[in-house]
Amino acid sequence: MEKLGCFVFKPESKKRKIASPADYFYDGSNDSEDRELRFDTCQLLWKQIKSETEAFCCQLHQLSLSETSGAHPRLLGSWREETWRWRLLQNNPHYVWLLQKAPQPRSGEQLQEDLNKKLFDNLIRFLRQSHSNFKEKKTEWACQMKSNEIPAAALVLGVNVTDHDLTFKSLSEALQEDVTPFVVSLTSKECPGIKHLLQKLMAQLMDSCPDADSSEEGECSKAFPNRMHCSVSSLTDWYRNKTKDVKKKDADAPCKTQGISSRHWEPPPVVVIFKDMESFTTKVLQDFIIIISQCIREFPLVLIFGIATSPMIIHKLLPHSVSSLLCIELFQSLSCKDHLSTVIDKLLLTSQFPFKLGEKVLQVLINIFLYHDFSVQNFIKGFQLSLLEHFYSQPLSVLCCDLQESKKRVEFLSHSQCENIRRLPSFRRFVESQASKKQTDLLTDDATLKEETQALLQNLHTYHENYVLILRCLHAFISSLPNYPLGKQIRELHCACLERKVWETEDYEAALQLVRMLAKDEVIAILKKCVEIITSSSAKCLGSCAEKLEEYLGQFKSLEAADDQDETASSLKEIQKKTDLYRLQKTLLEMKESRRLKKLTKFEMLRFEVVDFIDSLVRSYLAPPEMQTLYEVMYFSMASTVREHLNAAPRVAIHTALNNPYFYLKNEALESDTGCISNTAPDICIAYKLHLECGRLINLVDWLEAFSTVVTAADQNSTEKDQMEEIIHTRFIRAVSELEFLGFIKPTKQKTDHVARLTWGSC
């Protein structure tokens, strides 16, 4: 019988729609309206922030050559980049995918590259000076003595170790571009012994400058690391052959990428970077320096030590006999706190970007910076997370854009979005302060609401402009006061103004008392600075303030240097006369009384007037943002959300996943009542819930019986009972092994067929 073929004609299936990031830019609780516009606005705003960051970052982290060491009291561990993403999945699985698709903080890398520009210039200057003698072949005794030492640069980069990788990456690229192609970066993890260090050194050198005409190096590179002979003589021969081959080539001939070119120095030095010097073993460093010192006359060599704590670590790791072989120069970075203040100054204390951080959110990011890693890169990532969370969770964030654009968007708001505005707490307070007729119009008429919203957005924009200028003026007055009542950095003053009415605090009153005691030269210098701050801005409403400050400045300059000197001199002459104790006490009491009743000088009266004027500006323009209507549109205040995302708690997340798998999987079959164990849950979840009911020691037989009872609860009439028991036994063994791998249990010898429980409580 012939077999007949069967042809099945299927209709053309519809193409699967590719999900865009905007499709995930909402959750089930908020409005999905305008989600694409909100996502586009978020992207555009972040690009503007990134471009601005790239423009000013060269001024943030000016690293200078220093002769003194700045040790930090502690060395903090590295804060992983993945930590800030850990808890995102706990709220919404789509949120992680959205965060991956959102514009990533490339500005962090660009920031690190530009932060260290001055440091790189100093290093290149140090390299040029170190090897000038090698190139010129001087014969003076002093030059010969110095040429026997290995030039070494000690880079004290601080405890922000998470930014060090980008710093060394940028340094290597800068050196390979203009100085030499022979740059080697070594870490302690890759170099447990001197043999591994030399192998890594040779491998990176041979890969750094490939030669198309040389087949020997290709063979040697392929033989790495087992068959390559690593020694000082092989390194010297390799360098001599490499530079000899380059000299034979025509200078105009094109070179391969990362090869020796005309822009590189002649002869190109070999730069070896130790990224984490503190982690290298003492013996490895000593042996390498002693070995490499034998070939310092054969080719130029420079060592760069990356130090996170203090330069004294060099003398702790290396004895004098080894450190004497080094010619060390110290390069030290500025304080990480100064970098943080500059980042906040450029990203937050500006009216250019409408998005702002609330006081609690900003404090969370600052605390993570100060108490975890001192990383500018991670702070910018936290800022980006806050930006994304604000546009993700706030439907009215569609108005968080340029002022003119936001006014245009107000005209196209739907009725539901108008209702969202009416539900804002700040807008409800504003409505309550209006007349009854206007209250009715604002709550019922969308046209009236839109018109009023445009005016309120204009007021909010004006508030931001005035706030930044007056904040800088106030900081100019209080930044040099003793004990810094309102803080030394402008970020501290900014946090104080965000938290409450700063003029009602005791610290503010103490600061004003100290300002009233400033000398004439100090007051004049501060007034000049305030005039520059206000006149440099385009804010029109503070023009009269600038004129008033210039008027005060002219009055101070016109004052005579000395007032009422005659009275003071006559009083001193009376004290200097010979007299008894009674007359002296009487004279001092009279002087005290006269000073109390004495009339203030012109300078003191003018100084008090200036302080009162500054106080009036503070009370008018430095009100907390919560007092502004529609501040929720611009300000992100969900500190708990940011803290939950950034402060990773893996143990809590694992407990949630095992105790309630429905929380992550969103499978209706896994949903069960609290305290119940569902047989549809994964095996590890069933075993985990059963082990929570046990004591310190768990009997495996009892545990298996309970597991089997739960699993077979819905299969009471199974015919293949024996085979089913074997399968259940296998599933139980796998679940127990997984719990042991996660660290919940461990084997014990106290009792047979028992395991010990390692965790207690709900986390």
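Quick caveat: nothing in here was measured; it's all calculated off a predicted structure. (Residues numbered from 1 in each chain as written. Predicted model: local features only at pLDDT ≥ 70, side-chain atom pairs only at ≥ 80, totals over all residues. Heavy atoms only, no water.)

Digging into the overall build of the protein chain
- Scanning the protein chain for helices and strands turns up 36 helices and 11 strands.
- Counting the 763 residues in the protein chain, one finds 46% classified as buried.
- Across the protein chain, contacts joining residues at least 24 apart in sequence account for 78% of those joining residues at least 6 apart.
- When the accessible surface of the protein chain is split by element, carbon and sulfur atoms take 51% of a total near 41300 Å². (Helix = DSSP H or I, 4+ residues; strand = E, 2+ residues; numbered from the N terminus. Buried < 20%, exposed > 50% of the residue type's maximum accessible area, 1.4 Å probe, protein only. Contact = heavy atoms within 4.5 Å. Areas by Shrake-Rupley, 256 points an atom, 1.4 Å probe, with all protein chains shown as cover.)

Here's the deal with the sheet that holds strand S11 (residues 754–757)
- On the basis of which strands lie adjacent, the open sheet formed by 3 strands has the order S9-S11-S10 and antiparallel pairing. For this open sheet the edge positions go to strand S9 (697–699) and strand S10 (745–747), each flanked by a neighbour on one side alone. When strand polarity is set aside, the average angle formed by the axes of neighbouring strands in this sheet is 40°.
- For S10 and S11, the ladder comprises 3 bridges, and the chain directions are antiparallel. Along S11, the bridge assignment pairs Pro747 with Val755. (Pairing = 2+ DSSP bridges. Axes fitted to C-alpha atoms, helices over the stretch in contact; angles between N-to-C directions.)

What to know about empty space enclosed by the protein
- Summed over all chains, the structure comprises 9 cavities of 30 Å³ or more.
- Of the pockets and cavities examined, the largest cavity occupies roughly 100 Å³.
- Lining the largest cavity, in full, are Leu348, Leu349, Lys356, Leu357, His464, Tyr467, Val468, His494, Leu498 and Tyr635.
- Every element with two or more residues in the lining of the largest cavity is listed here: strand S7 (356–357), helix H22 (446–478) and helix H23 (490–499).
- Here the lining of the largest cavity gets 3 residues from one element, more than from any other, and that element is H22. (1 Å grid on protein atoms, 1.4 Å probe; cavity = no way out; pocket = protein on both sides within 12 Å on 5 of 7 lines; lining within 4 Å. Points joined across faces, edges and corners; volume = space filled by probe spheres on them.)

With respect to the packing of aromatic side chains
- By the definition in use, this model includes 18 aromatic pairs.
- Ring geometry for Phe274 against Phe280: centres 5.2 Å apart, planes inclined by 80°, an arrangement best described as edge-to-face.
- A centroid spacing of 5.0 Å and a plane angle of 70° characterise the contact between Tyr688 and Phe744, whose relative ring orientation is edge-to-face. Residue Tyr688 is located in helix H34 (residues 683–692), and its partner Phe744 is located in the loop between helix H36 (721–742) and S10; the two are separated by 56 residues in the primary sequence. As far as burial versus exposure is concerned, Tyr688 and Phe744 are alike and both buried. (Phe/Tyr/Trp six-rings, centres within 6.5 Å; stacked < 30°, edge-to-face > 60°.)

A word on helix H29 (residues 602–621)
- When the terminal C-alpha atoms of H29 are compared, their 29 Å separation across 20 residues agrees well with the 28 Å that a helix rising 1.5 Å per residue should span.
- Structurally, H29 contributes buried residues whose contacts are with H22, helix H24 (506–515), helix H25 (520–535) and helix H26 (543–558). (Expected span 1.5 Å × (residues − 1).)

Examining the packing of H34 against helix H35 (residues 700–711)
- Running from amino to carboxyl end, H34 crosses H35 at an angle of 125°, the nearest separation of the two axes being 10 Å. For the element pair H34 / H35, the angle class is oblique. You can see that H34 and H35 cross each other, and the crossing is right-handed. Along the contact surface, H34 presents Asp683, Ile686, Ala687, Leu690 and His691, while H35 presents Trp703, Ala706, Phe707, Val710 and Val711.
- Each residue belonging to the contact of H34 with H35 can be placed in one class, and the counts come to 8 nonpolar, 1 polar and 1 charged. (Parallel < 35°, antiparallel > 145°, perpendicular 65-115°, else oblique. Left-handed = near helix turned anticlockwise from the far one by under 90°. Nonpolar A, V, L, I, M, F, W, Y, C, P; charged D, E, K, R; others polar.)

Focus on the confidence of the model for the protein chain
- For the protein chain, mean pLDDT is 77; residues scoring 70 or higher make up 73% of the total.
- Below a pLDDT of 50 lies the segment residues 250–258, which in the model reaches 9 contacts outside its immediate sequence neighbourhood of four places, other chains included.
- Below pLDDT 50 for its whole length, residues 564–572 participates in 3 contacts with residues either more than four positions away or in separate chains. (pLDDT = per-residue confidence, 0-100.)

Notes on a nonpolar patch on the surface
- Together, Leu600, Met605 and Phe608 line one region of the surface with nonpolar side chains, adding up to about 270 Å² of accessible area.
- Considering the arrangement of structural elements, one finds Leu600 in the loop between helix H28 (581–597) and H29.
- Taking relative accessible area as the criterion, Leu600 reaches 43% and is therefore assigned partly exposed. (Patch = residues over 30% accessible without salt bridge, like charges linked within 9 Å, V, L, I, M, F, W, Y side chains within 5 Å. Salt bridge = Lys/Arg side-chain N within 4 Å of Asp/Glu carboxyl O.)

Notes on unusual backbone geometry
- With a phi angle near 55°, Phe374 is a residue other than glycine that sits in the positive phi range.
- Examined against the element boundaries, Phe374 turns out to sit in the loop between helix H16 (359–373) and helix H17 (376–393).
- Located in the positive-phi region is Asp753, a residue other than glycine, with phi close to 55°.
- Along the chain, the position of Asp753 falls in the loop between S10 and S11.
- A relative accessible area of 47% means that Asp753 is categorised as partly exposed.

Here's the deal with the side chain of Ser375
- Positionally, Ser375 belongs in the loop between H16 and H17.
- Other than its neighbours up to four places away in sequence, Ser375 contacts Asn160, Thr162, Asp163 and Phe369.

What about the side chain of His494?
- For His494, the position within the fold is in helix H23.
- Assessed through its relative accessible area of 5%, His494 is described here as buried.

Regarding the nonpolar core
- Formed by 110 residues in total, the largest nonpolar core has its most connected members in Leu362, Phe379, Phe427, Phe477, Ile478, Leu527 and Phe556.
- Setting aside residues up to four positions removed in sequence, Phe556 forms contacts with Lys520, Val523, Ile524, Leu527, Phe603, Leu606, Arg607 and Val610.
- Counting residues in each nonpolar core, the second largest holds 43 residues, with Phe274, Ile296, Ile314 and Leu330 among its members. (Core = buried A, V, L, I, M, F, W, Y, C linked by side-chain atoms within 4.5 Å.)

Some points on the pattern of salt bridges
- Under the criterion given, the structure shown has 14 salt bridges.
- For Glu499, the salt bridge is made with Arg500, and the minimal N-O distance between the two is 3.7 Å.
- The exposure class of Glu499 is partly exposed, given its relative accessible area of 47%.
- For Arg500, a relative accessible area of 46% puts it in the partly exposed group.

Regarding the environment of Phe707
- Relative to the assigned elements, Phe707 resides in helix H35.
- In this structure the C-alpha to C-alpha distance between Phe707 and Asp683, which are 24 residues apart in sequence, comes to 8.6 Å.
- Apart from the residues within four sequence positions on either side, Phe707 is in contact with Asp683, Ile686, Ala687, Leu690, Ile728, Arg731 and Phe732.

Some points on the pairing of strand S4 (residues 270–274)
- Taken across its 5 residues, S4 has 5 buried, putting it largely inside the fold.
- Two elements, strand S3 (residues 183–186) and S4, share 4 bridges in a ladder whose sense is parallel. In the sheet register, Val184 faces S4, and the bridge partner there is Val272.
- Inspection of the sheet shows S4 paired to strand S5 (residues 301–307) by 5 bridges, in the parallel sense. Counted as the bridge partner of Val271 is Val302 from S5.
- In this fold, S4 hands off to helix H12 (residues 282–292), which returns the chain to S5; that crossover is right-handed. (Right-handed = clockwise from strand over helix to strand, strands pointing away.)

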